[in-house]
Amino acid sequence: AVALVVLLIVCINLINLTTARSTQRAREVGIRKVVGASRGQLIAQFLGESILLTAMAMLLALAAVELTLPMVSTFLEKPLALDLLDPVLLVTLLAGVVIVGLLAGSYPAFFLSHFQPAEVLKGATSSSGSALLRKGLVVFQFAVSVALLIATGVVIAQMQYVRSYDLGYDRSRNITTDLPYFSDLWEIYEPMKTALEAHPDIESAV
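Keep in mind it's a predicted model, so treat the numbers as computed, not measured.

**Here's the deal with the overall build of the protein chain**
- Of the regular secondary structure elements, the protein chain holds seven helices and zero strands.
- Helices and strands appear in the protein chain in the N-to-C order α-α-α-α-α-α-α.
- Burial analysis of the protein chain (206 residues in total) assigns 21% to the buried set.
- The long-range share in the protein chain, meaning contacts at least 24 apart out of those at least 6 apart in sequence, stands at 69%.

**Observations concerning the confidence of the model for the protein chain**
- For the protein chain, the mean per-residue pLDDT works out to 81, and 87% of the residues sit at or above 70.
- Looking over the protein chain, one finds the lowest element-wise mean pLDDT in helix α5 (residues 117-122), namely 65, and the highest in helix α3 (residues 39-76), namely 88.

**So, helix α1 (residues 2-20)**
- Compared with an ideal rise of 1.5 Å per residue, which puts 19 residues at 27 Å, α1 spans 27 Å between its outermost C-alpha atoms and is within 8% of the ideal.
- For α1, every residue scored as buried is listed here: Ile-9, Cys-11, Ile-12, Ile-15, Asn-16 and Thr-19. End-on view of α1: buried residues confined to an arc of 160°, all on one side of the axis. In this structure, α1 carries Val-2, Ala-3 and Leu-17 as exposed residues pointing more than 90 degrees from its buried face.

**A word on the layout of surface pockets**
- Roughly 330 Å³ of volume is contained in the second largest pocket.
- Taken together, Leu-7, Val-10, Cys-11, Leu-14, Leu-53, Thr-54, Ala-57, Met-58, Ala-61, Gly-96, Val-100 and Ala-104 make up the lining of the second largest pocket.
- Those elements that provide at least two residues to the lining of the second largest pocket are α1, α3 and α4 (87-113).
- The dominant element in the lining of the second largest pocket, judged by the number of residues it contributes, is α3, at five residues.

**A word on α4**
- When the terminal C-alpha atoms of α4 are compared, their 36 Å separation across 27 residues agrees well with the 39 Å that a helix rising 1.5 Å per residue should span.
- A maximum bend of about 45° is found in α4 at Gly-105, where proline Pro-108 lies one to four positions downstream.
- Restricting attention to buried positions, one finds in α4 the residues Leu-93, Val-97, Val-100, Gly-101, Ala-104, Gly-105, Pro-108, Ala-109, Phe-111, Leu-112 and Ser-113.

**Quick word on the packing of α1 against α4**
- Contact pair α1 / α4: the axes reach a minimum separation of 9 Å and the direction vectors enclose 20°. Of the possible angle classes, the one that applies to α1 and α4 is roughly parallel. Note on packing geometry: the crossing formed by α1 with α4 is right-handed. Together, Leu-7, Cys-11, Leu-14, Ile-15, Thr-18 and Thr-19 of α1 and Val-100, Leu-103, Ala-104, Tyr-107, Pro-108, Phe-111 and Leu-112 of α4 make up the contact between the two elements.
- Partitioning the contact of α1 with α4 into residue classes produces eleven nonpolar, two polar and no charged.

Criteria and cut-off values
- Residues numbered from 1 in each chain as written.
- Predicted model: local features only at pLDDT ≥ 70, side-chain atom pairs only at ≥ 80, totals over all residues.
- Heavy atoms only, no water.
- Helix = DSSP H or I, 4+ residues; strand = E, 2+ residues; numbered from the N terminus.
- Buried < 20%, exposed > 50% of the residue type's maximum accessible area, 1.4 Å probe, protein only.
- Contact = heavy atoms within 4.5 Å.
- pLDDT = per-residue confidence, 0-100.
- Expected span 1.5 Å × (residues − 1).
- Arc of directions from axis to C-beta.
- 1 Å grid on protein atoms, 1.4 Å probe; cavity = no way out; pocket = protein on both sides within 12 Å on 5 of 7 lines; lining within 4 Å.
- Points joined across faces, edges and corners; volume = space filled by probe spheres on them.
- Bend = angle between axes of the 7 residues up to and from the residue.
- Axes fitted to C-alpha atoms, helices over the stretch in contact; angles between N-to-C directions.
- Parallel < 35°, antiparallel > 145°, perpendicular 65-115°, else oblique.
- Left-handed = near helix turned anticlockwise from the far one by under 90°.
- Nonpolar A, V, L, I, M, F, W, Y, C, P; charged D, E, K, R; others polar.

Here you go:
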């Protein structure tokens, strides 16, 4: 869930950056329309650029995962591996690239492609609606970021509390194990408990 929220923030960033740079690409849109480009072709171009940028980011992310995976595995004390030849993983990555690319590039594509050549060549590319949307997205982005920071602080405080809480016994001298479940489990429980308590190095068994 946290990863999806961070990904949403990144998409909002891309939307804001693209729309903020719209004046730099407005003349390009106007010239393309003058020479015969349709709005559908412009939308396809901008969406393609967004998907290509997302694919490049995915490659960088995979490289970062390969570099940091051993450290994460050591920290979690679990063997983690990334099999890039797994068909399910490949399909998931491709679907993620397309979905994120479309999500992040849809509004900029429709926004930039609606410019009229006459207005663009005159320099009239400002839009109060897009500015208001950008401000709203920035506020939403910062609100989500602050919420994530607060949630992280709460989790850290909870983990510190759990680690420092006095349970009333020395945890280093206790062993906990799971028994396989089967129908005769309760029949052997009491004899096993009695045998463990009879061991001279075991103080008690529950």
